[in-house]
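Reading the structure
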Amino acid sequence: MNVLVCISKTPETTAKINFVEGGTAFDSAGVNYIMNPYDEWYALVRAVELKEKNGGEVTVFHVGDASSDIVIRKALSIGGDKAVRVNADPKDSFFVAKQIAQYCKDNPQDIIFFGKETIDYNGAEVGSMASEMLDIPFISFASKLEENGESFIAERDIEGGVQSVEVRAPFAISSAKGIAEQRIPNMKSIMMSKRKPVAVIEPVESETLVEITHYETPPPKSGVKLFEMENLEELVRILRDEEKVI
Amino acid sequence: MSVLVFAENLKGVCKKSSFEALTYSRMLADKLGVGMSAVTIGTVSNIEELASYGADKIYQINKSEVTPFDSKQFAKAIADLAQSIGATTIVASHSSQGKSIAGRLAVRMNAGLVTAVNSLPQEGSDFIVRRSLFSGKALADYKVNSTNKVITVIGNTVPPAKSDSVSDIVDAEVTLGAASINVLETKTVDGEIPLPEAELVVSAGRGMKGPENWGIIEDLAQTMGATTACSRPVADADWRPHHEHVGQTGVAIRPNLYIAIGISGAIQHLAGVNNSKVIVVINKDPEAPFFKAADYGIVADLFDAVPKLNEAFKNVLAS
Ligand SMILES: Cc1cc2nc3c(=O)[nH]c(=O)nc-3n(C[C@H](O)[C@H](O)[C@H](O)COP(=O)(O)OP(=O)(O)OC[C@H]3O[C@@H](n4cnc5c(N)ncnc54)[C@H](O)[C@@H]3O)c2cc1C
Ligand SMILES: Nc1ncnc2c1ncn2[C@@H]1O[C@H](COP(=O)(O)O)[C@@H](O)[C@H]1O
């Protein structure tokens with residue numbers, strides 16, 4: 001079974017978010033980047049587990065410049081066999097999806113794994129787009145994926161519940177909490193990852209249909225108003241009569 | 001040049017997310033001076049109710065058969081309908097269905113895509129919509145340059161509003177192709193408003209000490225008609241079911257009121273809740289980071305404060 005795991009890079013969760021150039025660019029100065037947690041903890045680990053059971057190959061796929069190599073190495077230390085990096089600064093989701101689709105047309109895969117969403121732009125766009133470009137089923141927000149003979153059974157998170165579906169390869173899947181348990185690479189796998197191949201390829205062109213014209217940070221909260229235990233009814237009244245939320 | 005809304009249903013029922021999407025789209029269409037219709041797929045038992053939310057027309061696809069969701073099959077049918085009726089802007093809810101279909105529609109229609117939109121387009125000739133980024137730590141304006149556009153609208157962007165007129169309900173002249181997956185079962189918790197749709201949320205964390213103490217949380221939620229949530233360590237320890245976990249790695253919510261009890265307010269927790277309209281925090285530690293993100297706070301032992309707050313709600317709601 002050959003699977004592709006698409007990984008993205010995001011600012012660390014505690015990074016300070018700032019914008020420069022009059023609110024037109026993200027200020028990456030001093031920001032540490034990590035592998036998107038959904039890609040690392042869930043998508044990659046489930047892909048590696050399937051390979052460990054059935055053989056085949058796990059290819060880690062990333063669109064980004066050379067500064068992403070550290071994130072790619074981490075993915076290889078968790079169990080990817082090889083990596084492909086498309087050498088470009090990703091412009092938008094469409095651009096990323098197009099690179100994934102092109103690679104999979106040239107190098108067919110049984111399953112393409114995505115994270116549920118990236119934690120910076122929270123788009124949940126790339127998986128759906130790439131699936132359409134490849135004309136394959138897409139199981140979104142999967143919290144479970146099991147083999148079932150010739151097919152697979154997946155459970156996907158829906159509002160207030162889960163839906164179980166049966167699907168045959170090739171398909172794409174986006175991974176949420178539950179599909180696998182986070183793995184911490186050990187020293188040996190970190191050493192071994194250094195010898196695994198990373199291919200760098202050039203991007204295919206794509207049209208940019210959407211642009212971000214302005215960024216800003218939301219105004220800070222004006223400060224918390226504290227209530228004593230004797231005054232809780234007043235708090236509830238404020239929630240009802242002033243805030244009008246109940 | 002019209003607007004077409006995908007009105008999703010779950011088990012044959014259109015819910016608040018669809019009513020909101022229709023309300024938003026009506027406002028959008030009026031702003032652009034164009035028509036607005038909606039499309040449903042499968043049997044919808046409350047189609048009459050949907051018809052009161054302002055669409056000129058509701059197109060039904062495959063109304064004779066309940067078809068659970070398949071993004072591939074649905075995207076093709078919706079794109080075919082859009083083409084046949086000349087719709088150029090597609091609106092969906094930013095829900096599990098909307099998110100999985102939006103990218104596919106954008107590819108099919110060669111449309112610019114913006115997900116999780118939280119406002120109507122700005123005034124002016126360009127199509128510019130706003131959304132939040134970095135789990136609520138930033139806002140950005142997206143300009144869509146293509147003629148065709150696909151957007152998903154995040155919950156609580158506009159309150160659902162009924163219209164005076166009633167939509168025409170017609171059968172769409174498109175066929176639903178073969179399904180690419182086989183939906184086996186849809187399990188939902190009955191009788192409870194799912195977290196992503198809840199307007200009132202009572203959430204508790206490790207300060208609760210153990211699962212056996214959750215009675216006071218459930219009592220408060222019941223008095224308020226709120227849905228319960230929890231922090232990640234609580235779900236990880238199986239004190240509470242995993243679907244209650246809110247935050248960066250769990251569910252992101254935007255209720256009108258979020259009451260956080262015995263939760264420290266770690267940045268990864270805030271990431272999922274800081275778009276709530278009003279935040280109330282109960283914590284015995286006055287230095288807990290959550291107070292910085294809160295509108296109202298109670299510095300007290302939660303085992304005292306929660307039952308008292310419950311009484312206060314009962315008294316005020318009865319008055
Ligand atoms: C990459 C990453 C992703 C994460 N994603 C999430 C996520 O999605 N959601 C999430 O919630 N967390 C997430 N976390 C974990 C997060 O960092 C915190 O560890 C977690 O939110 C803490 O949970 P808590 O507030 O319930 O517990 P604690 O931090 O232990 O806080 C308990 C609080 O209860 C108070 N308390 C104790 N006893 C009482 C009492 N009797 N009365 C009143 N107050 C009391 C304490 O003062 C304290 O503030 C993530 C972490 C990482 C690294
Ligand atoms: N630059 C990238 N390179 C490879 N995969 C990506 C990239 N950006 C996003 N993805 C994949 O697409 C998923 C969803 O991302 P998004 O649509 O941006 O929320 C991520 O979890 C990754 O699996």
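For the structure itself, look to the data block above.
The present account deals with the structure reproduced in this document.

Thresholds, definitions, all that
Residues numbered from 1 in each chain as written. Chains lettered and ligands numbered in written order. Predicted model: local features only at pLDDT ≥ 70, side-chain atom pairs only at ≥ 80, totals over all residues. Heavy atoms only, no water. Helix = DSSP H or I, 4+ residues; strand = E, 2+ residues; numbered from the N terminus. Rg over C-alpha atoms; globule rule 2.2 N^0.38 Å. Buried < 20%, exposed > 50% of the residue type's maximum accessible area, 1.4 Å probe, protein only. Contact = heavy atoms within 4.5 Å. Areas by Shrake-Rupley, 256 points an atom, 1.4 Å probe, with all protein chains shown as cover. Lys, Arg positive; Asp, Glu negative; His and termini not counted. Charge placed at Lys NZ, Arg CZ, Asp CG, Glu CD. Near = heavy atom within 4 Å. Polar contact = N/O pair within 3.5 Å; in protein donor to acceptor, adjacent residues only side chain to side chain. Nonpolar A, V, L, I, M, F, W, Y, C, P; charged D, E, K, R; others polar. Buried area = accessible area lost by both parts, 1.4 Å probe. Salt bridge = Lys/Arg side-chain N within 4 Å of Asp/Glu carboxyl O. Pairing = 2+ DSSP bridges. Axes fitted to C-alpha atoms, helices over the stretch in contact; angles between N-to-C directions.

1. Some details on the overall build of chain B
Per the secondary structure count, chain B includes nine helices and 17 strands. For 319 residues, the compact-globule formula gives about 20 Å, and the C-alpha radius of gyration of chain B, at 21 Å, lands near that figure. Along the first, second and third principal axes, the C-alpha set of chain B runs to 60 × 45 × 40 Å. Out of the 319 residues in chain B, the part that is buried amounts to 60%. Across chain B, every contact between residues at least 6 apart in sequence was considered, and the portion connecting residues at least 24 apart equals 64%. By element, 49% of the accessible surface of chain B is carried by carbon and sulfur atoms, the whole surface being about 12,000 Å². In chain B, which carries 29 positive and 33 negative side-chain charges, the distance between the mean positions of the two groups comes to 6 Å.

2. What about the overall build of chain A?
When helices and strands are counted, chain A shows six helices and 15 strands. For chain A, with 246 residues in total, the buried portion stands at 54%. For chain A, restricting intrachain contacts to residue pairs at least 6 apart in sequence, the fraction spanning at least 24 positions comes to 69%. Summed over all atoms, the accessible surface of chain A reaches about 10,900 Å², with 49% contributed by carbon and sulfur.

3. Some words on the site of ligand 1
Surrounding ligand 1, one finds 27 residues, the nearest of these being S231, S264, Q268, H269 and N283 of chain B. In this structure ligand 1 sits where residues from chains A and B come together. One nitrogen or oxygen atom from the main chain of V246 of chain B is found 2.8 Å from a nitrogen atom belonging to ligand 1. S264 of chain B is positioned with one of its backbone polar atoms (N or O) 2.7 Å from an oxygen atom of ligand 1. The protein chains hide 81% of the 980 Å² of surface that ligand 1 would expose on its own. For the shell around ligand 1, the secondary-structure elements that each account for two or more residues are helix 6 (232–236), helix 7 (267–273) and helix 9 (302–318) of chain B. Counted by class, the shell around ligand 1 contains eight nonpolar, 13 polar and six charged residues.

4. Section: the interface of chain B and chain A
On the chain A side, the residues contacting the 92 residues of chain B number 74 residues. Carbon and sulfur atoms supply 58% of the area that chain B and chain A bury against each other, a total of about 7,300 Å² over both sides. Where D236 of chain B meets K177 of chain A, a salt bridge forms, and the shortest distance between an N and an O atom there is 3.5 Å. There are 42 residue pairs in polar contact (both at pLDDT 80 or more) connecting chain B and chain A. For the side of chain B that touches chain A, the element with the highest residue contribution is helix 4 (residues 96–109) of chain B, accounting for eleven residues. Residues that form the side of chain B that touches chain A fall into these classes: 44 nonpolar, 29 polar and 19 charged. Pairing of strand 15 (residues 225–226) of chain A with strand 17 (residues 296–299) of chain B involves two bridges; the strand directions are parallel.

5. As for the site of ligand 2
Residue and element names in this part refer to chain A. Close to ligand 2 lie 18 residues, the nearest being C6, D39, A124, E125 and V126. Between A124 and ligand 2, the recorded distance is 2.7 Å, taken from a backbone N or O atom to an oxygen atom. When the free accessible area of ligand 2 is taken as 490 Å², the share hidden by the protein chains comes to 94%. At the level of elements, strand 6 (57–63) and strand 8 (111–115) are the ones that each hand at least two residues to the shell around ligand 2. Looking at which element gives the most residues to the shell around ligand 2, the answer is strand 6, with three residues. In terms of residue class, the shell around ligand 2 is built from nine nonpolar, six polar and three charged.

6. Remarks on the sheet that holds strand 1 (residues 2–6) of chain A
The ten strands lie next to each other as 13(A)-7(A)-6(A)-1(A)-8(A)-12(A)-9(A)-10(A)-11(A)-12(B), forming an open sheet whose pairing is mixed. The outermost strands of the open sheet, each flanked by one partner alone, are strand 13 (198–201) of chain A together with strand 12 (182–188) of chain B. Put simply, the sheet's adjacent strands are angled 30 degrees from each other on average, direction ignored. Across five bridges, strand 6 of chain A lies against strand 7 (residues 82–86) of chain A in parallel orientation. Counterpart to V63 of chain A in the pairing with strand 7 of chain A is V86 of chain A. Sitting on the sheet, helix 1 (residues 37–54) of chain A is in contact with strand 1, strand 6, strand 8, strand 9 (138–148), strand 10 (151–158) and strand 12 (171–175) of chain A, with an inclination near 155 degrees to strand 8 of chain A. Seen against the sheet, helix 4 of chain B touches strand 9 and strand 10 of chain A and runs at an angle of roughly 100 degrees to strand 9 of chain A.

No statement about biological role is implied by the geometric values presented.
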